[in-house]
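Working through the structure, step by step
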2 protein chains.
Amino acid sequence: MKRVTSIDVARLAGVSQSTVSRAFTPGASISETARRKVLQAAAQLGYKPSAIARSLSTQHTNIIGIVMGRITSPFHPYVLEKFIQALQAAGRQSLLFSTPPDQEVDDLLELVLQYRVDGLVITSATISSEMADECIRHGAPVVLFNRYVLGSSVNAVCTDNVEAGRLVANLLLDAGHKRIAFIEGKANASTNLDRRKGFLDRLRERGHLSCIIEPGDYTYEAGFEAARRLLERKDRPDAIFCASDIEAFGAMDAARYACGLSVPEDVSIIGFDDLPAAAWPSYNLTTIRTPVNRMIRATLDLLFRRLEEPDAPPEMILIPGALIKRESARLPDEYVSPPADEPMAAGVEVW
Amino acid sequence: MKRVTSIDVARLAGVSQSTVSRAFTPGASISETARRKVLQAAAQLGYKPSAIARSLSTQHTNIIGIVMGRITSPFHPYVLEKFIQALQAAGRQSLLFSTPPDQEVDDLLELVLQYRVDGLVITSATISSEMADECIRHGAPVVLFNRYVLGSSVNAVCTDNVEAGRLVANLLLDAGHKRIAFIEGKANASTNLDRRKGFLDRLRERGHLSCIIEPGDYTYEAGFEAARRLLERKDRPDAIFCASDIEAFGAMDAARYACGLSVPEDVSIIGFDDLPAAAWPSYNLTTIRTPVNRMIRATLDLLFRRLEEPDAPPEMILIPGALIKRESARLPDEYVSPPADEPMAAGVEVW
DNA sequence: AAAATGGTTGCATACGTATGCAACCGTGAT
DNA sequence: ATCACGGTTGCATACGTATGCAACCATTTT
């Protein structure tokens, strides 16, 4: 099973290897007749140029590395699909990595860099500024998606989680809720931390000092159990802000099926993300929509700009979320949300 | 920004380039002292071996191509995550492609092969035997996941959709349902076709000739609308088999919130897949569990065997699904399902 | 002491493509 | 007819690593 190379094609077409190469290089200096001869010979032999050899020669691979924490987390598949298809459309390939529970991102980076990726998108995982610099030094600019590094030494695109947390605090207080609780996401995820911080800060600023905090981990089960614990207390909360929709679903099911309560009559529940299921009548969840599409666009835009100019100073782009008002929470009527991003949907054009 | 190569390291360490190469090749013939010298020099220079150059030299890339129809389809993210992590653990990388709505798999294959992948997993998309042979000829064995090619000329791992369809037919008839309907998945997906075929064939074999078929496309919205149409008929069905869980969720919501019916008192609903949400109390869906974990294991196993022996005759592996009995359907008590695969969960070890 | 053995090392080359450079060709201008 | 010029082509080399082969060394065997 001998591999067919450009030399074989050249021989058959009666030209030099250079000419074969040029026939496959758009914009190269080659006559139409030569190109036709070459392409015909190539087809006859079943020749496909080797991207590996080309990469070695040109010093770039056209490969973008994507490092994703957990692919199964809500809306990550959506992000991944949009990324991949946009990159494909831009003539680039995606080398995908997922950090297993026990592994650090830094170990993976070693591998990623060995494959000489042209650039790198890291989703829902952080890297140190030093590692980012190391990537730059190896010629691969990095953009963080949904994470950022304080001091802004790394390119990053992120939801404004703090501001969104503050918004929810305002809304719940404005609607007259008295006993307010928060169900956390994964303990030290920056998204969770920021949402909590904005929420608690704003509550405190408005003189509401007691907020019960239940631990969670961005799963349905955690939301269910946390809500059950909350709703079985004697000082049962009348409003629960969940750090994610998926936990909010668990919380609603706990309220209804484990505690026999009504939502929002007995307790208001607010989520975060606006997953497609949030619109299903079973939940009809009031939630903060993460501006995924805008984030994806911003990330690709930033990445492509950095591919051109790797040494430009890092940018950090913060995009606001927006409230999507449905039926799971009592909220003031007068509030109107600023225009939200499009919802997650197959047809959305990101690039 | 000069790239640091093995030659630079060799110079600093006072050895030959070959020795540097060997220091990074497990099992190569090199003394402990030399290896240490090299590794130290490499660390000092920030050297990382180039996987590209290595690939060119060794004639294999350690890259597996993964072609996935829609990443956002139910349980695909799960499959992808398991694949990626298992491949990573086996020291291989994943080049991921997703077929956009308008593109054919065959065009993508061209690209995939240019990157000289060592092997190829294709999920929820089919390729012709000719293309599979072409891949083999280029040194990349192919395994289809969740699809197969008739005539069994391509390696494939698949749920036994026909048999599962027959099972559901039996169960619904045994429970005494009279007006039975089927909500389809994506029109010409083989999974949809096979489920329908098994279901209808078995109904017919048992003398039940009338089954209303509503079109669908594997989405919540389609399930919702299809069920609404069904349930507004004067000869309202008393049982609906949905080609997927996600459609079943839509169907249940339509029954409850659009038609004011009770499930399963007024209508039995059965799904397919056993998504995590099927176990949530809001749905509590009776469904056929797709044996994803077994399928993933079988696929990886088959792939790894073919990487060793690319020319072995193709295998087609069919894995049975199992009924997961919950509360959305009236079914005979006596039926006990054979042992099911583990449910989809983060902790499941696939490799 | 000589020879055989096994472990290390370096040399030279292969892997497949891209591209700078010089050579070449034909065309139109002078 | 000569020259300049732009478009094509081939030659030669670079890209960074792996590896067969021969040379080398230290150790053990005879």
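Residues numbered from 1 in each chain as written. Chains lettered and ligands numbered in written order. Predicted model: local features only at pLDDT ≥ 70, side-chain atom pairs only at ≥ 80, totals over all residues. Heavy atoms only, no water.

Here we come to unusual backbone geometry. The omega torsion of the bond from Val-263 of chain A to Pro-264 of chain A falls at 5°, within 30 degrees of zero and hence cis. As for its placement among the helices and strands, Pro-264 of chain A is situated in the loop between helix H11 (245-258) and strand E9 (268-273). Unlike most non-glycine residues, Asp-274 of chain A shows phi in positive territory, near 60°. Locating Asp-274 of chain A in the fold gives a position in the loop between E9 and strand E10 (286-289). Assessed through its relative accessible area of 5%, Asp-274 of chain A is described here as buried. Backbone geometry at Gln-59 of chain B places phi at a positive 70°, although glycine is not the residue there. As for its placement among the helices and strands, Gln-59 of chain B is situated in the loop between helix H4 (51-58) and strand E1 (63-68). Using a relative accessible area of 49% as the deciding quantity, one classes Gln-59 of chain B as partly exposed. (Helix = DSSP H or I, 4+ residues; strand = E, 2+ residues; numbered from the N terminus. Buried < 20%, exposed > 50% of the residue type's maximum accessible area, 1.4 Å probe, protein only.)

Taking strand neighbours across the sheet as the criterion, the twelve strands line up as E11(A)-E5(A)-E4(A)-E3(A)-E1(A)-E2(A)-E2(B)-E1(B)-E3(B)-E4(B)-E5(B)-E11(B) in an open arrangement whose pairing is mixed. The open sheet is flanked by strand E11 (316-319) of chain A together with strand E11 (316-319) of chain B, the only strands paired with a single partner. For this sheet, the mean angle separating the axes of adjacent strands, direction not counted, is 20°. (Pairing = 2+ DSSP bridges. Axes fitted to C-alpha atoms, helices over the stretch in contact; angles between N-to-C directions.)

This part is about the pairing of strand E6 (residues 180-183) of chain A. Residue and element names in this part refer to chain A. Because side chains alternate across E6, one face comprises the buried residues Ile-180 and Phe-182, and the other comprises Ala-181 and Ile-183, equally buried. Sheet topology places E6 next to strand E7 (residues 211-214); four bridges connect them, and they run parallel. Note on E7: the bridge partner recorded for Ile-180 is Cys-211. As a crossover connection, the stretch from E6 through helix H9 (residues 190-205) into E7 is right-handed. Where E6 and strand E8 (residues 239-242) come together, four bridges link them in parallel fashion. Within the sheet, the bridge partner assigned to Phe-182 lies in E8 and is Phe-241. (Right-handed = clockwise from strand over helix to strand, strands pointing away.)

This next bit is on helix H4 (residues 51-58) of chain A. Looking only at H4 of chain A, the buried set comprises Ala-51, Ile-52 and Ser-55 of chain A. Seen from one end, H4 of chain A has its buried residues packed into an arc of 105°, which puts them on one side. Elements in contact with the buried residues of H4 of chain A: H4 and helix H6 (105-114) of chain B. A positive phi of about 70° marks Gln-59 of chain A, the residue just after H4 of chain A. (Arc of directions from axis to C-beta. Contact = heavy atoms within 4.5 Å.)

Attention now moves to the protein's contact with DNA strand D. Thr-19 of chain A together with Ser-6, Ser-21, Tyr-47 and Ser-57 of chain B are the nearest of the 26 residues found near DNA strand D. For DNA strand D, the backbone makes up 59% of the atoms found within 4 Å of the protein, where backbone means sugar plus phosphate. Contact distances for DNA strand D include 3.5 Å between a phosphate oxygen and a side-chain N or O atom of Gln-59 of chain A. In the environment of DNA strand D, a phosphate oxygen lies 2.6 Å from a nitrogen or oxygen atom belonging to the side chain of Tyr-47 of chain B. At the level of elements, helix H2 (17-23) and H4 of chain A together with helix H2 (17-23) and H4 of chain B are the ones that each hand at least two residues to the surface near DNA strand D. (Near = heavy atom within 4 Å. Polar contact = N/O pair within 3.5 Å; in protein donor to acceptor, adjacent residues only side chain to side chain.)

The next subject is the interface of chain A and chain B. In this assembly, 59 residues from chain A lie in contact with 59 residues from chain B. Carbon and sulfur atoms supply 59% of the area buried between chain A and chain B, which totals about 5,500 Å² over both sides. Broken down residue by residue, the surface that chain A buries against chain B is led by Lys-48, Ile-52 and Trp-280 of chain A, which jointly contribute 14%. Counting across the interface, chain A meets chain B through six salt bridges. Salt-bridge contacts for Lys-48 of chain B lead to Glu-134 of chain A; the nearest nitrogen and oxygen are separated by 2.9 Å. Counting across the interface, chain A meets chain B through 29 residue pairs in polar contact (both at pLDDT 80 or more). Counting only elements with at least two residues in the side of chain A that touches chain B, the list comes to H4, helix H5 (76-89), strand E2 (93-98), helix H6 (105-114), helix H7 (129-137), helix H10 (220-231) and H11 of chain A. A breakdown of the residues in the side of chain A that touches chain B according to their chemical character gives 31 nonpolar, 18 polar and ten charged. (Buried area = accessible area lost by both parts, 1.4 Å probe. Salt bridge = Lys/Arg side-chain N within 4 Å of Asp/Glu carboxyl O. Nonpolar A, V, L, I, M, F, W, Y, C, P; charged D, E, K, R; others polar.)

This brings us to the relation of the copies chain A and chain B. The operation relating chain A to chain B is a screw motion whose rotation component is 180°, with 0.0 Å of axial translation and a residual RMSD of 0.1 Å. Both copies of the chain, as the preceding transformation shows, are related through a two-fold rotation axis. Minimal C-alpha separation from the rotation axis in chain A is found for Leu-95 of chain A, amounting to 2.2 Å. A shared binding surface is used by both copies, with 100% of the interface residues of chain A retained as interface residues in chain B. (Least-squares fit on C-alpha atoms with pLDDT ≥ 70 in both.)

Nonpolar side chains in soluble globular proteins tend to end up buried together. Leu-80 and Ile-269 of chain A together with Leu-80, Phe-249 and Ile-269 of chain B are the most contacted members of the largest nonpolar core, which totals 116 residues. Ignoring anything within four residues of it in the chain, the contact list for Ile-269 of chain A reads Ile-240, Cys-242, Ala-248, Ala-251, Met-252, Val-263, Leu-285, Thr-286, Ser-328 and Ala-329 of chain A. Formed by 54 residues, the second largest nonpolar core is a distinct cluster that contains Leu-113 of chain A together with Tyr-115, Met-131 and Val-154 of chain B. (Core = buried A, V, L, I, M, F, W, Y, C linked by side-chain atoms within 4.5 Å.)

On to the packing of aromatic side chains, then. Within the structure shown, the criterion is met by 21 aromatic pairs over all chains. Ring geometry for Tyr-220 of chain A versus Phe-224 of chain A: centroids 6.2 Å apart, planes at 35°, classification tilted. Placement of both Tyr-220 of chain A and Phe-224 of chain A in helix H10 is noted, with a separation of four residues, approximately one turn of the helix. For the pair Tyr-220 of chain A and Phe-224 of chain A, one class covers both residues: buried. Here the aromatic residues Tyr-220, Phe-224, Phe-249, Trp-280 and Tyr-283 of chain A together with Tyr-220, Phe-224, Phe-249, Trp-280 and Tyr-283 of chain B are joined through ring pairs into a cluster of three or more. A cation sits over an aromatic face here: Arg-195 of chain A above Phe-272 of chain A, 3.7 Å from the ring centre. (Phe/Tyr/Trp six-rings, centres within 6.5 Å; stacked < 30°, edge-to-face > 60°. Lys NZ or Arg CZ within 6 Å of the ring centre and 35° of its normal.)

In the vicinity of DNA strand C lie 26 residues, with Ser-6, Ser-21 and Tyr-47 of chain A together with Ser-18 and Thr-19 of chain B positioned nearest. Gln-17 of chain A places a polar side-chain atom, nitrogen or oxygen, 3.1 Å from a base nitrogen of DNA strand C. In this structure, a base nitrogen belonging to DNA strand C sits 2.7 Å away from a side-chain N or O atom of Arg-22 of chain B. Among the elements of the structure, H2 and H4 of chain A together with H2 and H4 of chain B are those that each provide at least two residues to the surface near DNA strand C. Among the residues forming the surface near DNA strand C, the class breakdown is seven nonpolar, 15 polar and four charged.

All names here are of chain A. You can read the domains of chain A as domain 1 (6-49), domain 2 (63-160 + 292-322) and domain 3 (161-290). Inter-centroid distance (C-alpha atoms) of domain 2 to domain 3 is 29 Å. Taken together, the contacts link twelve residues of domain 2 with 15 residues of domain 3. Taken over both partners, the interface formed by domain 2 and domain 3 buries close to 1,100 Å², and the fraction arising from carbon and sulfur atoms is 53%. Of all residues in domain 2, Pro-74, Asp-160 and Ala-322 bury the most surface against domain 3, accounting for 39% of the area lost on that side. The interface formed by domain 2 and domain 3 holds zero salt bridges in total. At the junction of domain 2 with domain 3, the criterion picks out eight residue pairs in polar contact (both at pLDDT 80 or more). Every element with two or more residues in the side of domain 2 that touches domain 3 is listed here: strand E5 (155-159) and helix H12 (292-308). Of the residues assigned to the side of domain 2 that touches domain 3, the class counts are seven nonpolar, three polar and two charged. (Domains from an automatic or database assignment.)

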